[in-house]
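Structure at a glance
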Amino acid sequence: SGGGSGDATDPILASLAAGIYKMESDRVRFLLADLTRTRLAKIENHALHNRDLVDRMSAEEVEYLKTYGGLVERHLNRTVLNAMPKEAWRKLNEPDMIDSPDLDAYVFCKVLETVEIDSSTGDKKKKATSVARDDDDSDEDDEDEMGSSIQEHTVGSFLIARYAAIQKHVLEGRIVLLV
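All of the points below concern the structure found in this document. Quantities reported herein were computed from a predicted structural model and do not represent experimental measurements.

Considerations on the sheet that holds strand E1 (residues 106-111)
What the 3 strands build is an open sheet, ordered E4-E1-E5; its pairing is antiparallel. Since the sheet does not close on itself, it has two edges, and those belong to strand E4 (158-162) and strand E5 (175-177), each with one partner. Put simply, the sheet's adjacent strands are angled 40° from each other on average, direction ignored. Bridge count for E1 against E5 is 3 bridges, and the pairing is antiparallel. When the sheet's bridge partners are listed, Lys110 is paired in E5 with Val176.

Below, the structure is given as structure tokens:
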């Protein structure tokens with residue numbers, strides 16, 4: 001009679017386990033869909049800039065970029081560019097006319113190898129401040145409250161950092177972007 005109550009809990013535990021597995025499966029599916037949505041948004045938002053970065057994309061992303069770029073080009077030709085003089089049209093492909101990502105944007109990343117990150121790298125605000133300070137005979141260096149703008153981060157660390165400060169490490173494979 002004591003063994004009968006054990007049999008009654010097995011279906012309950014099995015149902016609970018199935019529910020947990022389904023929730024985990026739904027969570028993973030959501031994360032993958034969100035990651036895909038984010039990658040596609042980045043490709044679409046900076047399609048012209050991304051033409052030079054296809055070596056960092058998967059084959060599917062490159063194909064999507066080509067298809068998306070073709071659709072945008074056809075649309076712009078039909079609506080705007082055919083009405084413009086050819087000289088003005090050629091100037092649109094100059095590097096300063098192509099929208100590129102904001103390198104001062106903050107990104108989530110994981111450190112794969114111990115690195116030293118200079119938080120002032122690429123900081124337009126600090127460069128403007130230091131240029132303005134050149135007129136003052138100030139002995140201040142570009143340092144943070146801790147006394148240095150260079151910080152060491154060990155393997156496995158997760159960071160939120162300005163992309164400009166970690167770009168070199170990302171390209172060298174020492175840091176990987178998470179989103």
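Concerning the pattern of salt bridges
The tally for this structure, following the rule as stated, stands at 7 salt bridges. As a salt-bridge pair, Glu61 and Arg39 come within 2.7 Å of each other at their nearest N and O atoms. In this pair, Glu61 sits in helix H3 (residues 59-79) while Arg39 sits in helix H1 (residues 2-45), placing the two residues 22 residues apart along the sequence. Given the relative accessible area of 35%, Arg39 is considered partly exposed. Between Glu172 and Arg174 there is a salt bridge; the shortest N-O distance is 1.6 Å. In the salt-bridge network here, residues are joined through shared partners; they are Lys22, Asp26 and Arg29.

Reading guide: rules and limits
- Residues numbered from 1 in each chain as written.
- Predicted model: local features only at pLDDT ≥ 70, side-chain atom pairs only at ≥ 80, totals over all residues.
- Heavy atoms only, no water.
- Pairing = 2+ DSSP bridges.
- Helix = DSSP H or I, 4+ residues; strand = E, 2+ residues; numbered from the N terminus.
- Axes fitted to C-alpha atoms, helices over the stretch in contact; angles between N-to-C directions.
- Salt bridge = Lys/Arg side-chain N within 4 Å of Asp/Glu carboxyl O.
- Buried < 20%, exposed > 50% of the residue type's maximum accessible area, 1.4 Å probe, protein only.

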